[in-house]
Amino acid sequence: VTALTLTDILARASALPTLPEVAQYIITTIDDETANAENLVEHLNTDPAVVARVLASANSGAFGLANHIDSTRQLILGLEKIRSITLATAVVDRINPASQAFNPRVLWRHSLGVAMCARAIAEAIDFNAEAAFTAGLLHDIGQLLLFAVTPDLFGEVLTRRQNLDECIVDAEHAVFDFDHAQAGGELARLWKLPAAIADGINGHHNPESGEFGEMGDLIHLAEVLSHALDLGELPNNKVPELSVAACARLGIDWQVFARRFVEIEARYDELTLALGLR
Amino acid sequence: MVTAAAILVRKGEELLPSGKVLDSAIIESIRRRAIRFIMVNVPDTRDEEAIRRDVEMAEKRLLHIFRGGGSEARAELQRAITAFRLRQAS
């Protein structure tokens, strides 16, 4: 195990680009009932690079918008959905470290799969669907951090996972003294994201105790479901362990929930296509 | 193109029955109601051999991604996913 601690990693977090301003605004106002579409459009229009991609995503149908949209002004039609679209577009475009060993497009496809599963689970249990989508989208940000700070050691993790067919958390604990979920959770706190988002990131591989609350349970279920639905075209995909306790706490019955599978797949396909990740 | 399942509105009332032909007026009406997703029947042109191959591939892929043991919750999810995939493949 390397001597590099989680504190060391976080001290070098500037190796990873920070979230774009518009994404930061969306995430920090997730629970703010006074946040309105006018403010969002104002933030969005300060970043022209994002606007065209947002419009393409909005029109893809992945978020269920009924009418064709051709200006940011019309985006006011569906504030919650536009928040999700803008966030996905801005984050995926900004944070894209790459090397021969690590392809961020694969990670973002998986993250969008988890985000779509998180939204569907949230809708089924009457939980905040936009917050769930956000936590799902960012749940593996710790992997991007580890790769950005220490690409060689993270490369070792990926090699172990591939060669030994280990789950990534076990591979990480063999190389580091912590895992990407803990690193991502701490990064979310460093970035001052809402506590529920940080809990979702931190708890997605560690749901047993329930210490990360409903969001921790929800992102754990979304992560496993995304693997089970084979979203993201992950090389050597393997469905992780699923917590009985987390399923029970959220009251998810998979036989009943199964009616949502086809919709999750359809919306995932449309969104990844719109974001140019296919 | 026809609906594969009835479209229900929020209170459970039926908006369109299963098997309804979707013409442009109906599609526009669905759009206006902001219904985000419907299921349509697509004629299956595969022969029996192609269906058998698709089912076999689906089963093989499921065994691969669900390799290794796990909890009862994971087994329950596997059963739900398997039923879904086999329905799609056949």
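Residues numbered from 1 in each chain as written. Chains lettered and ligands numbered in written order. Predicted model: local features only at pLDDT ≥ 70, side-chain atom pairs only at ≥ 80, totals over all residues. Heavy atoms only, no water.

Undergrad: What is the right way to look at the overall build of chain A in this model?
TA: If you tally the helices and strands in chain A, you get 16 helices and zero strands. Here chain A holds 278 residues, and 58% of them are scored as buried. Sequence-distant contacts in chain A: of pairs separated by 6 or more residues, those separated by 24 or more amount to 68%. Of the accessible surface of chain A, which amounts to about 10,700 Å², a share of 50% is contributed by carbon and sulfur atoms. (Helix = DSSP H or I, 4+ residues; strand = E, 2+ residues; numbered from the N terminus. Buried < 20%, exposed > 50% of the residue type's maximum accessible area, 1.4 Å probe, protein only. Contact = heavy atoms within 4.5 Å. Areas by Shrake-Rupley, 256 points an atom, 1.4 Å probe, with all protein chains shown as cover.)

Undergrad: I tried to follow unusual backbone geometry on my own but got confused; where do I start?
TA: Working note: non-glycine residues mostly have negative phi, and peptide bonds are mostly trans. Residue and element names in this part refer to chain A. For Lys192, which is not glycine, the phi torsion reads 60° and is therefore positive. On the secondary structure map, Lys192 appears in the loop between helix H11 (180-190) and helix H12 (195-203). For Lys192, a relative accessible area of 66% translates into the label exposed. For Asp230, which is not glycine, the phi torsion reads 65° and is therefore positive.

Undergrad: Would you explain the pattern of salt bridges in this entry?
TA: In the structure shown here, the tally under the stated rule is 17 salt bridges over all chains. Across the pair Asp230 of chain A and Arg61 of chain B runs a salt bridge whose closest N-O atoms are separated by 2.6 Å. With Asp230 of chain A in the loop between helix H13 (213-228) and helix H14 (244-250) and Arg61 of chain B in helix H2 (residues 48-65), the pair connects residues from two separate chains. The class for Asp230 of chain A is partly exposed, based on a relative accessible area of 21%. Owing to a relative accessible area of 33%, Arg61 of chain B belongs among the partly exposed residues under this scheme. Two residues, Arg53 of chain B and Glu49 of chain B, come together in a salt bridge whose shortest N-O distance is 3.6 Å. One end of the pair, Arg53 of chain B, and the other, Glu49 of chain B, are both in helix H2, four residues apart, so they sit about a helical turn from each other. One connected set of salt bridges, linked through shared partners, spans Glu49, Arg52, Arg53 and Glu56 of chain B. (Salt bridge = Lys/Arg side-chain N within 4 Å of Asp/Glu carboxyl O.)

Undergrad: Teacher, can you tell me more about the environment of Arg119 of chain A here?
TA: Residue placement: Arg119 of chain A occurs in helix H6 (residues 104-125). Taking C-alpha positions, Arg119 of chain A is 9.0 Å from Ile264 of chain A, a pair spaced 145 residues apart along the chain.

Undergrad: Help me understand the nonpolar core in this model?
TA: The nonpolar side chains of a soluble globular protein tend to be buried with one another. In this structure, Leu225, Trp254 and Phe261 of chain A are the most contacted members of the largest nonpolar core, which totals 96 residues. Counting residues per element, this core draws most heavily on H6 of chain A, at eleven residues. Contact partners of Phe261 of chain A, with chain neighbours within four places excluded, come to Leu225 and Leu229 of chain A together with Leu77, Ala80, Ile81 and Phe84 of chain B. With five residues, the next largest nonpolar core counts Ile7, Leu16, Leu22 and Ile26 of chain B among its residues. (Core = buried A, V, L, I, M, F, W, Y, C linked by side-chain atoms within 4.5 Å.)

Undergrad: How should the packing of helix H7 (residues 129-138) of chain A against H13 of chain A be read in this particular structure?
TA: Packed helices, taken two at a time, are described by the angle their axes make and the gap between the axes. All names here are of chain A. Here H7 crosses H13 at 60°, and the two axes come no closer than 10 Å. In this view, H7 runs oblique relative to H13, as classed from their interaxial angle. As for the relative orientation of H7 and H13, their crossing is right-handed in sense. Within the contact between the two elements, H7 uses Ala131, Ala132, Ala135 and Gly136 and H13 uses Met215, Leu218 and Ile219. Residue composition of the contact of H7 with H13, by class: six nonpolar, one polar and no charged. (Axes fitted to C-alpha atoms, helices over the stretch in contact; angles between N-to-C directions. Parallel < 35°, antiparallel > 145°, perpendicular 65-115°, else oblique. Left-handed = near helix turned anticlockwise from the far one by under 90°. Nonpolar A, V, L, I, M, F, W, Y, C, P; charged D, E, K, R; others polar.)

Undergrad: Explain the interface of chain B and chain A to me, please; I cannot follow it from the model alone.
TA: Frequently, the measure chosen for interface size is the accessible area removed from exposure when the parts meet. Tallying the contact residues gives 23 residues for chain B and 30 residues for chain A. With both chains or domains summed, chain B and chain A bury close to 2,300 Å², and 58% of this area falls on carbon and sulfur atoms. Summed over the shared surface of chain B and chain A, the number is 14 residue pairs in polar contact (both at pLDDT 80 or more). Of all the secondary structure elements, the ones that give two or more residues to the side of chain B that touches chain A are H2 and helix H3 (72-89) of chain B. In terms of residue count, H3 of chain B provides more of the side of chain B that touches chain A than any other element does, eleven residues in total. Of the residues contributing to the side of chain B that touches chain A, the split by class is ten nonpolar, four polar and nine charged. (Buried area = accessible area lost by both parts, 1.4 Å probe. Polar contact = N/O pair within 3.5 Å; in protein donor to acceptor, adjacent residues only side chain to side chain.)

Undergrad: For this particular structure, what's the right way to read H6 of chain A?
TA: Each α-helix turn comprises 3.6 residues. Residues three or four places apart therefore point the same way. Residue and element names in this part refer to chain A. The end-to-end C-alpha distance of H6 is 31 Å, a good match for the 32 Å that 22 residues give at a rise of 1.5 Å each. Here H6 lies mainly inside the structure; 18 of its 22 residues are buried. Taking the backbone nitrogen of Arg105 as reference, a side-chain oxygen 2.9 Å away marks Asn103 as the first, capping residue of H6. One or two positions beyond H6, positive phi appears at Asp126, with a value near 60°. (Expected span 1.5 Å × (residues − 1).)

Undergrad: Quick question: what am I supposed to make of H7 of chain A here?
TA: Residues and elements named next belong to chain A. For H7, the tally of buried residues reaches ten of ten residues, placing the bulk of the element in the interior. Those residues of H7 lying buried are Ala129, Glu130, Ala131, Ala132, Phe133, Thr134, Ala135, Gly136, Leu137 and Leu138. Where H7 begins, the capping side chain belongs to Asn128, and its oxygen is found 3.1 Å from the backbone nitrogen of Glu130.

Undergrad: Sorry, what's going on with the confidence of the model for chain B here?
TA: Overall, the predicted model of chain B reaches an average pLDDT of 87, with 93% of residues at or above 70. Per-element mean pLDDT across chain B ranges from 75 in strand E4 (residues 40-41) of chain B up to 96 in H3 of chain B. (pLDDT = per-residue confidence, 0-100.)

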